[in-house]
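Per-entry structural report
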Amino acid sequence: MTSADNRPRFREVLEVREYRALWLSGLVSRAGDQLARVALAVLAYDLTRSAAVTTITYALTFVPSLVGGPLLGGLADRCPRRRVMIVCDTIRALLMAAMAAPGLHFAVVCVLLFAVQLIDAPEKAARIATTPDVLGERLYTTGVTLHQFTSQVAAIAGFGLSGLVVAAIGARPALLLNSLSFALSALVVMMRVRERPAWPTGRVMSLRYMSGGIRTITSDRRLRALLAFALLAAFSIAPEALAVPYADAVGGGTVAAGVLLCSIPAGSLLGMYLVNRLSAGTARLATLAAPACLPLVVSAFAPGVAVTAIAWALTGVLSAYQVIANAAFVRAVPPERRGQVVGAALPLAASWRRHEATSSRSDQS
């Protein structure tokens, strides 16, 4: 731990101009994504009247990113990362605007959605890989904490706001708002983030190069261990997927499901704040990770919504160790391979995609 006097605060991180731009642009585009997921669900059901097709539409907001990470993450090393973020956000803005066109066939909407989500992976890899260069060693973990903290706030707020907006203006105008959010994100990065040269890492599209991120992880014991901690997040957020049927099983309704859905994200907010205040380092990873899922055992006894919500919130608090694991993972990767390695890890690191998963489950409820 660091002393109280030297411990970085959120305000200090936000004073860094480039980080402020990365943080703000990411928050804007995530808010647009939240809105788009609800809008796409409404649009899919309006066009097809099929619950199955609507579910497939949700899958299309996640599956392409799982493929795009390992295949396209290396673009964030081979090309200047600032340029990757700007180009990806600009293309996504254009594709989302096209999706909002009246009378567009639903099959075309699905193809465009697949493309939008495929491009998400190199943009996210470039953003994550740039952050250590912007903040430096001392401020980096605090910056990661702030990013994940605000992502959780956005997820909780999005439970109701996105539905209200779509209900008020309609699905296609909501997609146009998401297009605008990508354009604004690209503009912020263009104006406020400094250009840095690309790393000379070879041909982007060779199979050997694209598999290099996986090889880097598997050959490095420290990276394997840190990624394993990230994989544990899948267990701590799994109850969110069961919140609706669990609430029904214990005699609760929609309100009870909403309370349970918010419990783990709300607990993680407190946990992230405490992790940052205490400046917990990698030495505390095992101490925090080991008991993280223990409070979930209470759920088996169906003690009621209130007790279950408290137990789930406690799991959220303990699972904040992911902030430490994520920051240490990125720092441990050679700078010239950050984009490639982060891209390879994105499909596995549930905690890096947590706010998106939470958003989709709230929409389905």
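What you see is a predicted model, and the numbers here were worked out from it, not measured in a lab.

For the protein, the count of helices and strands is 19 helices and zero strands. For the protein, with 365 residues in total, the buried portion stands at 53%. The long-range share in the protein, meaning contacts at least 24 apart out of those at least 6 apart in sequence, stands at 86%.

Now for the confidence of the model for the protein. A residue-level look at the protein finds 84% of positions with pLDDT of 70 or above and a mean pLDDT of 80. Across the protein, the element-wise mean pLDDT spans from 41 in helix α19 (residues 354-364) up to 95 in helix α6 (residues 81-99). A low-confidence stretch, residues 353-365 (pLDDT under 50), is modelled with 42 contacts involving residues beyond four sequence positions or located in other chains.

On the surface, Val-63, Leu-66, Val-67 and Leu-71 cluster together to form a nonpolar patch covering roughly 290 Å² of accessible area. If you trace the backbone, Val-67 turns up in helix α4 (residues 63-72).

Quick look at the packing of aromatic side chains now. Taken as a whole and judged by the stated rule, the model has two aromatic pairs. Ring centres 6.0 Å apart and planes at 50° place the aromatic pair Phe-10 and Phe-149 in the tilted group. Placement of Phe-10 in helix α1 (residues 10-14) and of Phe-149 in helix α7 (residues 106-169) is noted, with a sequence separation of 139 residues between them. Judged by relative accessible area, Phe-149 falls into the partly exposed class, the value being 22%. Their ring planes at 45° and their centres at 5.9 Å tell us that Tyr-246 and Trp-312 sit as a pair that is tilted. With Tyr-246 in helix α13 (residues 243-249) and Trp-312 in helix α16 (residues 305-318), this pair connects stretches of sequence that are 66 residues apart. Exposure class is identical for Tyr-246 and Trp-312. Each is buried.

This paragraph deals with the nonpolar core. Ranked by size, the top nonpolar core spans 76 residues in total, and within it Tyr-19, Met-96, Met-99, Leu-175, Ile-217, Leu-285 and Phe-329 carry the most contacts. Top element by residues in this core is α7. It accounts for 17 residues. Non-local contacts of Leu-285, meaning those with residues more than four positions away in its chain, are made with Leu-226, Phe-229, Tyr-321, Ile-324 and Ala-325. Leu-261, Leu-296, Ala-311 and Trp-312 belong to the second largest nonpolar core, which has 12 residues in total.

Attention now goes to the environment of Arg-277. On the secondary structure map, Arg-277 appears in helix α14 (residues 254-278). Relative accessible area serves as the criterion here: at 29%, Arg-277 is assigned to the partly exposed category. In sequence terms Arg-277 and Pro-8 are 269 residues apart; their C-alpha atoms lie 8.5 Å from each other.

What follows concerns helix α2 (residues 17-48). For α2, built from 32 residues, the straight-helix expectation of 46 Å at 1.5 Å per residue is met to within 8% by its first-to-last C-alpha distance of 46 Å. Arg-49 lies just past α2 and shows a positive phi near 55°.

Rules used in this analysis
Think of each chain on its own: its residues are numbered from 1, step by step along the sequence as written. Predicted model: local features are reported for residues with pLDDT of at least 70 only, side-chain atom pairs are reported and counted for 80 or more only, and whole-chain, interface and lining totals are derived from all residues. With hydrogens and water set aside, each side-chain value is computed from the structure's full complement of heavy atoms. Going along the chain from the N terminus, every DSSP run of H or I of four or more residues is numbered as a helix, and every run of E of two or more is numbered as a strand. Per-residue accessibility, obtained with a 1.4 Å probe over protein chains only, is compared with the maximum for each type, and a residue is labelled buried under 20%, exposed over 50%, and partly exposed between these values. Residues count as neighbours in contact if any of their non-hydrogen atoms are within 4.5 Å of one another. Here pLDDT means the predictor's own confidence in every residue, given as a number from 0 to 100. In this scheme, patches are assembled from residues that exceed 30% relative accessible area and form no salt bridge. Like charges are connected within 9 Å, while nonpolar side chains (Val, Leu, Ile, Met, Phe, Trp, Tyr) are connected within 5 Å. Each accessible area value is a Shrake-Rupley result obtained with a 1.4 Å probe; residue values ignore everything except the protein chains displayed when judging cover. Counted as salt bridges are all cases of a side-chain nitrogen of Lys or Arg within 4 Å of a carboxyl oxygen of Asp or Glu. Only centres within 6.5 Å qualify two rings of Phe, Tyr or Trp (six-membered ring in Trp) as a pair; their planes then separate them into stacked at under 30 degrees, edge-to-face at over 60, and tilted for everything else. For this analysis, a nonpolar core means a set of buried residues of the types Ala, Val, Leu, Ile, Met, Phe, Trp, Tyr and Cys, connected via side-chain atoms within 4.5 Å. In a helix, the anticipated span is given by 1.5 Å times the number of residues less one.

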